[in-house]
Amino acid sequence: MQALYPGSFDPLTLGHLDLIERSALLFDRLVVAVLRNPGKNPCFSVDERLEQIRAATAHLDNVEAAAFDGLTVAFAQQCGASVILRGLRALSDFEYELQIAHTNKSLAPQLETLFMATATRHSFLSSSVVKEVARFGGSVSHMVPLGVAEDLARLFNRSSPDQA
Ligand code: ADP
């Protein structure tokens, strides 16, 4: 069975990566799909985000990264995925995620949305929190893969965690 894990991933966090590693055990193939959404005013380009995902998932043979625009259900079908995977951190995620899941079901009844609970230790993590901490010079090494920490250090013009 194939699954699509769509999101902004601006940038990839250890919470995302944990979800990817756990779901890679459940599916034959997992496509991590970066939504091209200029409206969100991203910090990293789609290519940079794809590179971050590919570097962090290089050890996972059945995981690949791709970019898409338009409807998630259309891209899921294009990939041959029968499952859309989303993560739930807290109750606050639930209402929005449920609305999207119902919308997607109405558009493509053959697709299932599966929610996976985040690892407890990463449940406070979001890409925006990571960017906020990095912007003000805090350490994000426990929040993101090393390559992403280096990209954030470069972005905000700080010395990279390796040089600190
Ligand atoms: P979006 O803009 O689509 O919400 P995100 O990159 O913020 O994109 O999130 C993509 C998916 O990853 C969502 O399902 C989100 O709930 C999940 N997610 C975000 N942060 C975490 C985390 N810390 N642990 C596990 N899943 C997460």
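For the structure itself, look to the data block above.
A few points on the structure. Everything numeric in this text was worked out from a predicted model, so none of it was measured.

1. A short note on the overall build of the chain
Right, so step 1: Helices and strands together make up the secondary structure of the chain, namely six helices and five strands.
Right, so step 2: What you see in the chain, going N to C, is helices and strands ordered as β-α-β-α-β-α-β-α-β-α-α.
Right, so step 3: Its C-alpha atoms give the chain a radius of gyration of 16 Å, near enough to 15 Å, the size a compact globule of 164 residues would have.
Right, so step 4: Across its three principal axes, the chain shows a C-alpha extent of roughly 50 × 35 × 30 Å.
Right, so step 5: For the chain, buried positions account for 46% of its 164 residues.
Right, so step 6: Within the chain, contacts between residues separated by at least 24 positions form 72% of all contacts whose residues are at least 6 apart in sequence.
Right, so step 7: Taken as a whole, the chain presents about 8800 Å² of accessible surface, with 53% of it coming from carbon and sulfur.

2. Observations regarding helix H5 (residues 127-135)
Each α-helix turn comprises 3.6 residues. Residues three or four places apart therefore point the same way.
Right, so step 1: Of the residues making up H5, those classed as buried are Ser127, Val130, Lys131 and Ala134. Relative to the axis of H5, the buried residues are bounded by an arc of 95 degrees and lie together on one face.
Right, so step 2: Against helix H1 (14-24) and helix H6 (146-155) lie the buried residues of H5.
Right, so step 3: The positive-phi residue at the C-terminal boundary of H5 is Gly137, with phi of around 85 degrees.

3. Brief notes about the pattern of salt bridges
Right, so step 1: Within this structure, the stated rule accounts for eight salt bridges.
Right, so step 2: Lys105 serves as the salt-bridge partner of Glu112, at 3.0 Å between the closest nitrogen and oxygen.
Right, so step 3: Put simply, Arg154 and Asp151 hold a salt bridge, and the shortest N to O gap is 2.5 Å. Of this pair, Arg154 and Asp151 both sit in helix H6, separated by three residues, roughly a single helical turn.
Right, so step 4: In this structure Asp151 comes out as buried when scored by relative accessible area, which is 19%.
Right, so step 5: Counted as one network, the salt bridges with shared partners bring together Asp10, Arg49 and Lys131.

4. Section: the site of the ligand
Right, so step 1: Not every one of the 15 residues close to the ligand is listed here, only the nearest: Tyr5, Ser8, Phe9, Lys40 and Gly87.
Right, so step 2: Within the side chain of Ser8, an N or O atom sits 2.7 Å from an oxygen atom of the ligand.
Right, so step 3: A distance of 3.5 Å separates a nitrogen atom of the ligand from a polar backbone atom of Gly15.
Right, so step 4: Elements represented by at least two residues in the shell around the ligand include exactly strand S1 (2-7), H1 and strand S4 (83-88).
Right, so step 5: If you tally residues by element for the shell around the ligand, the top one is S1, at three residues.

5. A few points about the packing of aromatic side chains
Right, so step 1: Evaluated as defined, the whole model comprises two aromatic pairs.
Right, so step 2: Judged by centre distance (5.1 Å) and plane angle (80 degrees), the ring pair of Tyr5 and Phe9 falls under edge-to-face.
Right, so step 3: Look at Phe68 and Phe75: their rings are 5.0 Å apart centre to centre, the planes differ by 10 degrees, and that puts the pair in the stacked class. Comparing Phe68 with Phe75, the two get one shared label, buried.

Rules of the game
Residues numbered from 1 in each chain as written. Predicted model: local features only at pLDDT ≥ 70, side-chain atom pairs only at ≥ 80, totals over all residues. Heavy atoms only, no water. Helix = DSSP H or I, 4+ residues; strand = E, 2+ residues; numbered from the N terminus. Rg over C-alpha atoms; globule rule 2.2 N^0.38 Å. Buried < 20%, exposed > 50% of the residue type's maximum accessible area, 1.4 Å probe, protein only. Contact = heavy atoms within 4.5 Å. Areas by Shrake-Rupley, 256 points an atom, 1.4 Å probe, with all protein chains shown as cover. Arc of directions from axis to C-beta. Salt bridge = Lys/Arg side-chain N within 4 Å of Asp/Glu carboxyl O. Near = heavy atom within 4 Å. Polar contact = N/O pair within 3.5 Å; in protein donor to acceptor, adjacent residues only side chain to side chain. Phe/Tyr/Trp six-rings, centres within 6.5 Å; stacked < 30°, edge-to-face > 60°.

Interpretation in functional terms is not warranted from these geometric data alone.
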